[in-house]
Amino acid sequence: MIIQLSKNISSTAKSNLLNTLNDLQIKSNEVKTQFQDYIIGIPKTDFDIRNIGNMEGITDIHRVSDAYKLVSKKWKTNRTIIDLGDNVTIGGKDLAIMAGPCSIENEEQIENTVQHLLKNNIKIMRGGVYKPRSSPYAFRGLGMDGLKLFYKHCSENGIKVITEVMQVSQVEEMVDYVDIFQVGARNSQNFNLLDILGKVDNPVLIKRGMSGTIEELLASAEYVFSNGNEKILLCERGIRTYENAYRNTLDLNAIPILKAKSHLPVIVDPSHGIGLREHVATMALAGVVAGADGVIVEVHEQPEKAFSDGQQTLYYEQAEDLYRKARSLNSALK
Ligand code: PEP
Ligand code: MN
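The rules behind the values
Residues numbered from 1 in each chain as written. Chains lettered and ligands numbered in written order. Predicted model: local features only at pLDDT ≥ 70, side-chain atom pairs only at ≥ 80, totals over all residues. Heavy atoms only, no water. Buried < 20%, exposed > 50% of the residue type's maximum accessible area, 1.4 Å probe, protein only. Helix = DSSP H or I, 4+ residues; strand = E, 2+ residues; numbered from the N terminus. Contact = heavy atoms within 4.5 Å. Pairing = 2+ DSSP bridges. Right-handed = clockwise from strand over helix to strand, strands pointing away. Donors = N, O, S within 2.8 Å, 3.2 Å for Na, K, Ca; no water. Axes fitted to C-alpha atoms, helices over the stretch in contact; angles between N-to-C directions. Parallel < 35°, antiparallel > 145°, perpendicular 65-115°, else oblique. Left-handed = near helix turned anticlockwise from the far one by under 90°. Nonpolar A, V, L, I, M, F, W, Y, C, P; charged D, E, K, R; others polar.

A. A look at helix α10 (residues 277-289). Listed in full, the buried residues belonging to α10 are Val-280, Met-283, Ala-284, Leu-285, Gly-287 and Val-288. Of the surrounding elements, those touching the buried residues of α10 are α8 (254-261), β13 (266-268), α9 (270-274), β14 (294-298) and α11 (316-333).

B. Spotlight on the pairing of strand β7 (residues 96-100). With five of five residues buried, β7 lies mostly within the body of the structure. On β7, burial covers both faces: Ala-96, Met-98 and Gly-100 on one face and Ile-97 and Ala-99 on the other are all buried. As paired strands, β7 and β14 are joined by five bridges and run parallel to one another. Looking across to β14, one finds that Ile-97 is bridged to Val-295. As for the winding sense of the linkage, the β-α-β connection from β7 through helix α3 (residues 107-119) to strand β8 (residues 124-126) is right-handed.

C. View of the coordination of the manganese ion (ligand 2). Here the manganese ion (ligand 2) is held by Cys-102 (SG), His-272 (NE2), Glu-298 (OE) and Asp-309 (OD), and the distances to it run 2.1 to 2.4 Å. The sequence pattern describing where the donors of the manganese ion (ligand 2) fall on their chain is C-x169-H-x25-E-x10-D. With a gap of 37 residues between them, His-272 in helix α9 and Asp-309 in the loop between β14 and α11 connect regions that are remote in the sequence. An identical accessibility class is assigned to His-272 and Asp-309; each is buried.

D. Structural context of the packing of α10 against α11. Look at α10 against α11: their axes get within 9 Å of each other, and the N-to-C directions meet at 15 degrees. By the angle between their axes, α10 is roughly parallel relative to α11. As for how α10 packs across α11, the hand of that crossing is right-handed. Counted together, Arg-277, Ala-281, Ala-284, Leu-285, Val-288 and Val-289 of α10 and Gln-318, Leu-322, Lys-325, Ala-326, Leu-329, Asn-330 and Leu-333 of α11 form the full contact between these two elements. A class-by-class count of the residues in the contact of α10 with α11 yields nine nonpolar, two polar and two charged.

Here you go:
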């Protein structure tokens, strides 16, 4: 059960409410986000909602039977739109495109990518500075020095930055240089990281874990929301299956299912999803048809020289063709 509290609820009304919940054997969890105050009630047994519904200080009350509550579509009829400022939004009618290299490599590469994005009217640049790599000997990112350069060039050009945060201790140093925090597939259930990302105001894109179910992804999003941050994006990036003809199995089914279960925007990542450059654009378009609100895609001026994930990274020309098709497909569908 989700109880939405009125902004000016008195402390007496609130303690009356908490006492009533306690009497009804409903465990209450207080949630305060950047937008609203809630109480999430977890009942032990069935109860009569009318006992609570007309108490003082409540604006609305909803029964939500799902294991996740605040990210469920059952209580929120309007879909969430993430506002990044400067007229950049995710989740509305327009398709959000986030493009850039797998890893930030040097200043020249950042400048070059920014020009590519500006030319194509793309407002969000991706790029990792802390890279989760299977081998400890692989390139692991430029860290904060790289992020500062990345953010400088993007903010000077009206472009928003999305980058991966790998651990709790990085959040504070990164927060001023990031427009969207990305939680990688390997950290999808790092609950300490999710807790702390609930305490910032920046939007958080959560990737599905490579062996994570849809419900687990939604539960991860619930961690962020219930800690105070409503600005969440869900990302399907492929799961690990027995198939080895490609890198991961992009679960396109997850897109309409997530949209049916949650009010949060859904982003498709075809680059990690299939992992093969020649098929990335096709799968991106398939994601748009499946209902994705946005696409996150790896591009590089010279993918064969990329420090990571070159095999799945698009050349600029291929990417431009994709942006055009994805946008026209999106407007034909919406
Ligand atoms: C990435 O976006 O470069 C990345 C490492 O993604 P994932 O967490 O989906 O593997
Ligand atoms: Mn990558």
